[in-house]
Amino acid sequence: MSFAQAPLTPGGNAMQPTSATKPAEGLPSAADAMKAYELVRRAVDESKELAITDSPRFWGACVELRLTNPVTGVVELIGRGQTFSQPDGFGSEHVLREASDEAIRTMNSTIERAGAEVGGVEAWRSLRPAVQISLELFSPLTPITPSTAADLVTNLSPAVDGLAISRDTRVEAWSPARLLVSGRTVQEAMEIIVPALTGQAADALAEPGALRKTKGLSFMKFQVVHLAQTAPKGTPIFLNRGSRTIERTEIDSPSEIADRTTPAARWLTRWLNTNKPSAQNAASQSLALFALSSHVCRGGAKNASDEQRAAQSEVRKLLLNRADAILKLDPSPTNAALILGAIQNFRGLQIENSPEHEAKHKAIETACLSALSQAISISDEQWANVGKGPAALTCWALLREIDLDPTLNGKARERLKGIFASTEPSGLVAAMPWGAWAATNSSLRDGPPPAKLREMRSIIADHQLSPLDAGATDADLVGGIVFTTARTPLPSWHSARALAALANMAADERLTPADERARELSRLVLGLRFLAQLQVSREAGWYAPNLGNDLGGFRASPWQLQPGPEPTAMALLTFNETLDAIDRLTKSPAEAPAQPSPKPATTPAP
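So, here is what we can say about the structure in this document. The residue numbers shown here count from 1 along each chain, following its written sequence. Given that this is a predicted model, residues contribute local features only at a pLDDT of at least 70 and side-chain atom pairs are listed and counted only at 80 or more, while totals for whole chains, interfaces and linings are drawn from all residues. Note that the side-chain values use all heavy atoms of the structure and ignore hydrogens as well as water.

So, the overall build of the protein
For clarity, the cut-off: Strands are runs of DSSP state E lasting at least two residues, helices are runs of H or I lasting at least four, and both sets are numbered from the N terminus onward. Exposure is judged per residue with a 1.4 Å probe applied to protein chains only, and the accessible area is read against the type maximum: over 50% gives exposed, under 20% gives buried, and values in between give partly exposed. We call two residues in contact when some of their heavy atoms are within 4.5 Å. Surface exposure here means Shrake-Rupley accessible area, sampled with a 1.4 Å probe, where a residue is shielded only by the protein chains that are shown.
Each helix and strand in the protein was counted, giving 23 helices and ten strands. A burial count over the protein gives 55% of its 606 residues as buried. Within the protein, counting contacts between residues at least 6 apart in sequence, those at least 24 apart form 73% of the total. With an accessible surface of roughly 25,100 Å², the protein has 51% of that area assigned to carbon and sulfur atoms.

As structure tokens, then:
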């Protein structure tokens, strides 16, 4: 699904609050978890069975061992052990030993086999201290009674709750970290567990309610204390949903915000260089190119460093090399608008490019303007069927154009005004950030922006998760914005769409008077905290097979481990838009960065 077409329910019910996940009773303490880790560490280093003395007690344990392959440089899972007490029991002293011993046996077998293949068994054995340990200790089980697979999903908080299913005295379970790393949903885990318990492959397709009645299965959930090493020989840290919770104070200054942008830009560049345009990724390619161009061109030509000029030149070449292919694969107004936006970002910059590049630049610009002119000129009946996001994006791209034909300029203004007039404030999020960016564009500053933008912002504030909303278990969700009417609404990367609009609005005195500025910037920074939670950092080293490929990218949600181009591009735009807003608020008009469309318009603003 393309970024511009991502679903947000329109109307007054577009955003619903969520509730915090409560910590499970009987969850092992941090002290018990650290003690258990030290026991496992000693057993791994000595490669022998775990010697338990005064063991902490818990219902179950999962031990995973990883090692960076010295030949390939890839982190590999080399051992896993998982053991449980009886479904109604708690704290067998053998749980940790059995899980650890199983993982170590697999580890030893893997090391012996790998060493034999390269003729260096002893060298491989010497790597044991570099083996990274991931340890989950389980709380007691909480019975649940789902009737359908959808009920099962509702009952379990993603990547916080694990799933256990029992039959008689036998129990099978998938821990939160195992679900995370495998990329499987709770329903997919159930479809694996059920046939293992019943012996019937067809039972995988049955609903939980039927399985409870006909097969005698019991469904339960549990939480874990997760302690893991994020680097070889590193000190273990406590993780929630596979990540360390980012504190608000870690993103409290412009320099800390800027620190998030360079890794994201590097990830996007890497993704573009390793993924050629296709029909499936054309929208992602165009959004990535727009985000990258916005990043390298930020601040304009004034005071640009040699390094920034070099980056501008490289990104422009990448844009010119990709644009034709993207537009041929998917000549949609969405792609035309984003590519035109990327082209516009380079206006006024001193970039050394060949006459061939200049001609290509002009040809792409002309093709994009032609596609957008056709899109904005369709009948009112046809325009009514265009999604809010693509419609606002089309208007924004055209209203940024300095030399736009007055007729098209007027049509774009009219269409933008219609979007605001026909949409309830809660449904306007579907048009963000493009709708807000278009309405606050410098070419429209001869009139007031739509009042509905302030109403929309108030609604967004009501649906932004606070520390009180989230509680300790869901602290990683703080600052996220809930858009969906799903039964278990949780924030995702789509929060960036609203936040990028709010950043722009915070620096517009018509929308944010001076006495409201501190409040709005505080809410914005809280939102950036949530986005920062989605960025892959070195702490992902506890699971990432090739951390270098993932670093800096943004994930779609806290319960998904792999970064993606659309979350990364939109997060990068949001962070840079915030930095631009701070610049405009803290610098004099003469020092402030130039707006993309300096030429004033005479038509009334929407």
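Re empty space enclosed by the protein
Left-over empty space is what a probe sized like a water molecule reveals as it rolls over the atoms. Put simply, the rule is: With a 1 Å grid laid over protein atoms only, a set of points is called a cavity when a 1.4 Å probe fits there but cannot get out and a pocket when it is open yet has protein on both sides within 12 Å along at least five of seven lines; lining residues have an atom within 4 Å of a point. Grid points are joined across faces, edges and corners, and a volume is the space filled by probe spheres set on the points. Think of it as three bins: nonpolar holds Ala, Val, Leu, Ile, Met, Phe, Trp, Tyr, Cys and Pro, charged holds Asp, Glu, Lys and Arg, and polar takes everything else, Gly as well.
All chains considered together, the criterion is met by two cavities of 30 Å³ or more. Approximately 120 Å³ is the volume attributed to the largest cavity. Together, 15 residues line the largest cavity, and Ser243, Gln535, Ser537, Glu539 and Arg555 are the ones closest to its centre. Classifying every residue of the lining of the largest cavity by side-chain character gives six nonpolar, five polar and four charged. Put simply, the second largest cavity is a space of about 80 Å³. Broken down by secondary-structure element, the contributors of at least two residues to the lining of the second largest cavity are α18 (452-462), α20 (495-506) and α21 (514-534).

Regarding the environment of Ser182
Condition: Under the rule applied, a polar contact is a pair of N or O atoms within 3.5 Å (in protein, one hydrogen donor and one hydrogen acceptor; residues adjacent in sequence only if both atoms are side-chain atoms).
If you trace the backbone, Ser182 turns up in helix α5 (residues 176-182). Under the relative-accessibility criterion, Ser182 is labelled partly exposed at 32%. Once the C-alpha coordinates of Ser182 and Gln560 are considered, the two residues, 378 residues apart in sequence, prove to be 10.0 Å apart. Polar contacts involving the side chain of Ser182 include one to the main-chain carbonyl oxygen of Arg178, which spans 2.9 Å.

A word on the pattern of salt bridges
What counts is decided by this rule: When a carboxyl oxygen of Asp or Glu lies within 4 Å of a side-chain nitrogen of Lys or Arg, that pair is called a salt bridge.
For the structure on display, the rule yields 28 salt bridges. Note that Arg170 and Glu172 form a salt bridge whose closest N and O atoms lie 3.1 Å from each other. Judged by relative accessible area, Glu172 falls into the partly exposed class, the value being 24%. A salt bridge links Asp203 to Lys215, with the nearest nitrogen and oxygen atoms 3.5 Å apart. Taken together, the residues Asp203 in the loop between α6 (186-198) and α7 (208-214) and Lys215 in the loop between α7 and β7 (217-228) connect sequence positions twelve residues apart. Of the residues examined, Lys215 reaches a relative accessible area of 25% and is grouped as partly exposed. Each of Arg454, Arg457, Glu516, Arg519, Glu520 and Arg523 takes part in one network of salt bridges that share partners.

A closer look at unusual backbone geometry
Backbone torsion omega between Met432 and Pro433 reads 0°, so that peptide bond is classified as cis. Secondary-structure assignment places Pro433 in the loop between α16 (406-422) and α17 (434-439). Positive phi, normally seen in glycine, also occurs at Ala159, with a value near 65°. Judged by relative accessible area, Ala159 falls into the buried class, the value being 12%. Despite not being glycine, Arg241 shows a phi value in the positive range, around 55°. Residue placement: Arg241 occurs in the loop between β8 (237-239) and α8 (254-258).

Some points on the pairing of strand β3 (residues 132-138)
Sheet faces and side chains relate simply in a regular strand, where the side chains alternate between the two faces. Spelled out, the test is: A pair of strands is treated as paired once DSSP finds two or more bridges between them.
Extensive coverage of β3 is indicated by the burial of seven of its seven residues. Where burial is concerned, the two faces of β3 agree: the one with Gln132, Ser134, Glu136 and Phe138 and the one with Ile133, Leu135 and Leu137 are both buried. Pairing of strand β1 (residues 60-68) with β3, which is carried by seven bridges, proceeds in the antiparallel orientation. The partner of Ala61 across the bridge, within β3, is Leu137. Direction of pairing for β3 relative to β7: antiparallel, over a ladder of five bridges. Opposite Leu135, over in β7, you have Leu227 as the bridge partner.

Re the side chain of Glu136
Heads up, the condition is: Neither His nor the chain ends contribute to the count of charged residues, in which Lys and Arg are positive and Asp and Glu negative.
Of note, Glu136 is situated in strand β3. Buried and unpaired, Glu136 has Arg80 as its nearest opposite-charge partner, separated by 7.6 Å. Separated by 2.5 Å, the side chains of Glu136 and Ser175 make a polar contact.

What about the packing of α20 against α21?
Here is the rule: With axes taken as lines fitted to C-alpha atoms, and helix axes fitted only over the stretch in contact, angles between N-to-C directions fall between 0 and 180 degrees. Note on terminology: angles under 35 degrees are roughly parallel, angles over 145 are roughly antiparallel, angles of 65 to 115 are roughly perpendicular, and the others are oblique. Definitions for this section: a left-handed crossing has its near helix turned counterclockwise from the far helix by less than a right angle. A right-handed crossing has that turn clockwise.
The interhelical angle for the contact between α20 and α21, taken along N-to-C directions, is 150°, at an axis separation of 10 Å. As judged from the angle between their axes, α20 and α21 are roughly antiparallel. The hand of the α20/α21 crossing is left-handed. In this structure, α20 contributes Ser495, Ala496, Leu499, Ala503 and Ala506 to the contact, and α21 contributes Arg517, Leu521, Leu524, Gly527, Leu528, Phe530 and Leu531. The class makeup of the residues in the contact of α20 with α21 is nine nonpolar, two polar and one charged.

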